[in-house]
Every structure is written in C-alpha cells, then in structure tokens.
Amino acid sequence: NCSMFRWRAEALKNWFVRHLPLLALILCILALAWFILCFSLSSQSGEETGKLSTAMAKTISKVLGLSSESIPALNRGLRTFAHFVCFFVLTGLMCGACAAVFPSHARSFLWPLIPCILFAFLDEFRKAGIHGRHCSIPEAFLNVVGCILGCMAVGAFLRFLSKRG
C-alpha cells in the first residue's frame, strides 16, 4: 500500500532527524574504522593478500558447492570486487558522515568525494612499493568507480529522505 510506504518513509526520516548527532558520531567512527581496514589490507604483501583472498575463495566455493576448479577464477573475481567494495563503502560512510555533521549544507555529502578519489589513486600507486604487489591503472579506476557510486548512493538516499518532508 502506497500510504503505508509513505508513513514508513516519514517515520524513517523523523528517526534520522531526532538522532542526527548520534548518527554523525557513528558514521564518523565507522568511516575511520573502514579507512584503517582498507589501508591495512592494501598494505599487505602480495603473499599475505594472496593467502587471504584464496582462503575466502575456498570458503565461498565450499558454501556455494562449487568445484575446486572454480577457486582461481573466484579468487580473481574477489580481488577485483574488493577494490570496488572498499571504496564504495569508504566513500559512502564519509559522505553520510558529512551529511550528518553538516545537515544545513544540502550538498555536504559531496565534500568527501574528491579526497576519496585522490586516496583511491594514491592507494593504488603506493602498492608499487609493496613487496609482491603492483600498481594497476584499471584497478585505480575501479576504486574511483566505487567512490563515485558510493557518493551517488548516499545522494540518492538523502534525496529519498528529502522528498518525504
């Protein structure tokens, strides 16, 4: 029912408005924690990151009932997808945090986008100096796509909330 949806969306918006300071604090903490996690994972040597992604691929393969021949392809897919997810979540959390900290600025959620994109490139370039890792321009652009879509997701959510009022 459409009126039920409108009521729930209005209740969601009211909850966010009432809890904005707490939400801002939680988003800032989550953004910092996610940044530290991403930075630590990207600082691993090639051997360390290979062991981690292979273990994850084996677990996923087992859970999904896939053959052991699928593990190398699954591993490559996980490693590629991790670039996108890392920066999608990081940028989403940072954009959400800025929107919560600066609610009177309608476009404050956009402020972290450029710093996140810069970090996305710099993080990939610094991997050239890590044993067993390499710098990949396509992966850097995948990081940037994650940044842009993370920011867009927050913008879409904020727009959804603003239409409810």
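First things first, this report covers the structure right here in the doc. (Residues numbered from 1 in each chain as written. Predicted model: local features only at pLDDT ≥ 70, side-chain atom pairs only at ≥ 80, totals over all residues. Heavy atoms only, no water.)

1. Brief notes about a nonpolar patch on the surface
What counts here: What goes into a patch is any residue over 30% in relative accessible area without a salt bridge, connected to like charges within 9 Å or, for nonpolar side chains (Val, Leu, Ile, Met, Phe, Trp, Tyr), within 5 Å. Each accessible area is a Shrake-Rupley result for a 1.4 Å probe, and residues are judged covered by the shown protein chains and nothing else. A side-chain nitrogen of Lys or Arg and a carboxyl oxygen of Asp or Glu constitute a salt bridge if their distance falls within 4 Å. The numbering of helices and of strands both runs from the N terminus, where a helix is a DSSP run of H or I of at least 4 residues and a strand a run of E of at least 2.
Nonpolar side chains collect at one region of the surface, where Ile114, Leu118, Leu122, Phe125, Ile137 and Phe141 lie side by side and expose about 600 Å² of accessible area between them. For the nonpolar patch, the secondary-structure elements that each account for two or more residues are helix 5 (113-126) and helix 6 (137-162). The biggest single contributor to the nonpolar patch is helix 5, with four residues. Tracing the backbone through its elements, the reader meets Phe125 in helix 5.

2. Observations concerning the environment of Arg133
Applied cut-off: Throughout this description, buried means an accessible area under 20% of the type-specific maximum (1.4 Å probe, protein chains only), exposed means over 50%, and partly exposed covers the range between. We call two residues in contact whenever any of their non-hydrogen atoms come within 4.5 Å of each other.
Looking at the secondary structure, you find Arg133 in the loop between helix 5 and helix 6. For Arg133, a relative accessible area of 17% puts it in the buried group. Separated by 91 residues in the primary sequence, Arg133 and Ser42 have C-alpha atoms spaced 9.1 Å apart. With residues up to four places along the chain from it excluded, the contact list for Arg133 reads Leu41, Ser42, Gln44, Ser45, Gly46, Thr49 and Lys127.

3. Some points on the nonpolar core
The condition is simple: Residues belong to a common nonpolar core when they are buried Ala, Val, Leu, Ile, Met, Phe, Trp, Tyr or Cys residues joined through side-chain atoms within 4.5 Å.
Core analysis: the largest hydrophobic core is formed by 16 residues, its most contacted members being Phe87, Phe109 and Cys147. Broken down by secondary-structure element, the contributors of at least two residues to this core are helix 4 (71-101), helix 5 and helix 6. With residues near it in sequence (within four places) discarded, Phe109 still touches Cys95, Cys98, Ala99, Cys151, Val154, Gly155 and Leu158. If you look at the next biggest cluster of nonpolar residues, it comprises nine residues, including Leu23, Ala24, Ala31 and Leu93.

Everything listed here is a matter of coordinates, which is why it stays silent on function.
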